[in-house]
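# Observations on the three-dimensional arrangement
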Amino acid sequence: MKNFTRRHVTLLAAAALAFGGLTATAQAAPAAPSGGDPTLTDVYIWATDVNLRQQPSVSAPRLAVRSQYWLDAVCQTQGDTVTDPDVGTNNWWTAVQEFSGSDLAWVNNLYLRGGQKIEGVPDC
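If you're wondering where the values come from, they're calculated on a predicted model, not measured in any experiment.

## Considering the pairing of strand 4 (residues 69–84)
Here strand 1 (residues 41–45) pairs with strand 4 via five bridges, running antiparallel. Directly across from Ile 45, in strand 4, lies its bridge partner Tyr 69. Where strand 4 hands over to strand 5 (residues 88–97), the hairpin turn is made up of three residues, counted between the paired strands.

Quick look at the structure:
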């Protein structure tokens, strides 16, 4: 009985350490910055070195590159399909502003928190 109990305590301790290690590495998005348009949905680029483009197309000119960054979402539409072997495939793009009144840029939803089509962001 002692071996049975000791084994279960060891397994529980190992599981707790593993779970604790996983939660310690998960990173929450920083708080959304102020200065955005309060009528628009905030979206978060979770990845690094994400291209912001002039149109919802992989061949459109790149306007900027952002990493782990908050933006205001204006609307979303379908455009070029983007495939990233580490993340998946998506053809939904979101028109974003860096701050209220700034020029629009497009980000593929693959790199935004919220899924294939982001809830709360209207269609264009």
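Once the structure has been displayed, the description carries forward.
## Notes on the side chain of Gln 97
One can find Gln 97 in strand 5. You can call Gln 97 buried: its relative accessible area is 12%. A distance of 3.2 Å separates the side chain of Gln 97 from the backbone oxygen of Ser 102, its partner in a polar contact. When near neighbours in sequence (up to four residues on either side) are disregarded, Gln 97 contacts Leu 40, Leu 71, Asp 72, Val 74, Ser 102, Asp 103 and Leu 104.

## Let's talk about the packing of aromatic side chains
A full pass over the atoms with the stated rule returns two aromatic pairs. Ring plane angle 50° and centroid distance 5.0 Å describe the contact between Tyr 44 and Trp 70, whose orientation is recorded as tilted. Within this pair, whereas Tyr 44 is found in strand 1, its partner Trp 70 is found in strand 4, the two being separated by 26 residues in sequence. On the numbers, 6.3 Å between centres and 35° between planes, the contact of Trp 46 with Tyr 111 is tilted. Of this pair, Trp 46 sits in the loop between strand 1 and strand 2 (50–53) while Tyr 111 is found in the segment after strand 6 (105–108), placing the two residues 65 residues apart along the sequence. Trp 46 gets classed as partly exposed once you look at its relative accessible area, which sits at 33%.

## Comments concerning the state of the cysteines
Taken as a whole, this structure holds one disulfide when the rule is applied. What pairs with Cys 75 in a disulfide is Cys 124, and their sulfur atoms sit 1.9 Å apart. Looking along the S-S bond of the Cys 75-Cys 124 disulfide, the torsion reads about 90°, which is the right-handed sense. Of this pair, Cys 75 sits in strand 4 while Cys 124 sits in the segment after strand 6; the two residues are 49 residues apart in sequence, bridging distant segments of the chain. Judged by relative accessible area, Cys 75 falls into the buried class, the value being 13%.

Calculation criteria
Residues numbered from 1 in each chain as written. Predicted model: local features only at pLDDT ≥ 70, side-chain atom pairs only at ≥ 80, totals over all residues. Heavy atoms only, no water. Pairing = 2+ DSSP bridges. Helix = DSSP H or I, 4+ residues; strand = E, 2+ residues; numbered from the N terminus. Buried < 20%, exposed > 50% of the residue type's maximum accessible area, 1.4 Å probe, protein only. Polar contact = N/O pair within 3.5 Å; in protein donor to acceptor, adjacent residues only side chain to side chain. Contact = heavy atoms within 4.5 Å. Phe/Tyr/Trp six-rings, centres within 6.5 Å; stacked < 30°, edge-to-face > 60°. Disulfide = S-S within 2.5 Å.

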